[in-house]
Amino acid sequence: MIATETAKTILLILFGLCVLWIVVIVIKNDMQTIVRALIVAALVGLGLYYVNQTKLEKLSFTAIKQELFPVKARAYTFDKREGFVAGRPMTSYIFDDPGPPLAVAMIDGGKHMTIKDVRTVNVVLEYLNLPPVSEGVPELASLTGRSLDSDKFRWDDYGPGVLLVERGICRDMTSAQSFTCIARITVTSR
């Protein structure tokens, strides 16, 4: 992570050096490298423009990626079920096929999955008017060792209670695709 003001200063100095480089090339009449200098100056200029326009206080690759390429929110159909588990209120959201996509990655040599990019989960939580999660978690089966817990991801430190996301395989018949998706979200209050 780097502070936005520091990035502005660095990019401004680099842009000044690029302009100086172009002036030296024009004075020396070395037209073979002018295209390279113009491309570098344009890229540094675009970076400087972005840093001046962004509202981020600290820059990181993840923050820039989230700002430039946000996950598109869709309207999902789901059934909401409320009940009690061991005397505690529980709310489940069961999504119809095709459900929201879920970005997962393999761990433990492909034996288990983990959620590394929480943007797909946070888009759905926002759609359900629930608070976002801050970081990804590994599949519950990798922690408990029970195969019954595969396809489940649990956040114990979630604000309203315990968040459980269950993954499934969804099929989008309009594009004939299969993908990993969110099948159910359950929030159990403390």
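Our subject in this report is the structure included herewith. Here the structure is a predicted model, which is why all the values come from computation and not from measurement.

A word on the overall build of the chain. When its secondary structure is counted, the chain shows five helices and nine strands. Overall, the chain shows an N-to-C arrangement of helices and strands of β-α-α-β-α-β-β-β-β-α-α-β-β-β. For 190 residues, the compact-globule estimate of 2.2 N^0.38 gives 16 Å, and the C-alpha radius of gyration of the chain, at 24 Å, exceeds that figure by more than 25%. Along the first, second and third principal axes, the C-alpha atoms of the chain reach 80 × 40 × 35 Å. Counting all 190 residues of the chain, 34% fall into the buried class. In the chain, once contacts between residues fewer than 6 apart in sequence are set aside, the share between residues at least 24 apart is 49%. For the chain, the exposed area adds up to about 12200 Å²; of that, 59% sits on carbon and sulfur atoms. Averaged over its 21 positive side-chain charges, the chain has a centre that lies 2 Å from the centre of its 19 negative ones.

Now for the pattern of salt bridges. Scanning the model with the defined rule gives seven salt bridges in all. A salt bridge links K8 to E5, with the shortest nitrogen-to-oxygen separation between them at 3.3 Å. Remark: E5 and K8 occur in helix α1 (residues 4-28); sequence separation between them is three residues, near one turn of the helix. Given the relative accessible area of 52%, E5 is considered exposed. Among the salt bridges present, the one from K80 reaches E82, with a minimum N-O distance of 3.4 Å. Residue K80 is classed as partly exposed on the basis of its relative accessible area of 48%. Here the residues in one salt-bridge network are E139, D151 and R167, joined through shared partners.

Cut-offs and rules
- Residues numbered from 1 in each chain as written.
- Predicted model: local features only at pLDDT ≥ 70, side-chain atom pairs only at ≥ 80, totals over all residues.
- Heavy atoms only, no water.
- Helix = DSSP H or I, 4+ residues; strand = E, 2+ residues; numbered from the N terminus.
- Rg over C-alpha atoms; globule rule 2.2 N^0.38 Å.
- Buried < 20%, exposed > 50% of the residue type's maximum accessible area, 1.4 Å probe, protein only.
- Contact = heavy atoms within 4.5 Å.
- Areas by Shrake-Rupley, 256 points an atom, 1.4 Å probe, with all protein chains shown as cover.
- Lys, Arg positive; Asp, Glu negative; His and termini not counted.
- Charge placed at Lys NZ, Arg CZ, Asp CG, Glu CD.
- Salt bridge = Lys/Arg side-chain N within 4 Å of Asp/Glu carboxyl O.

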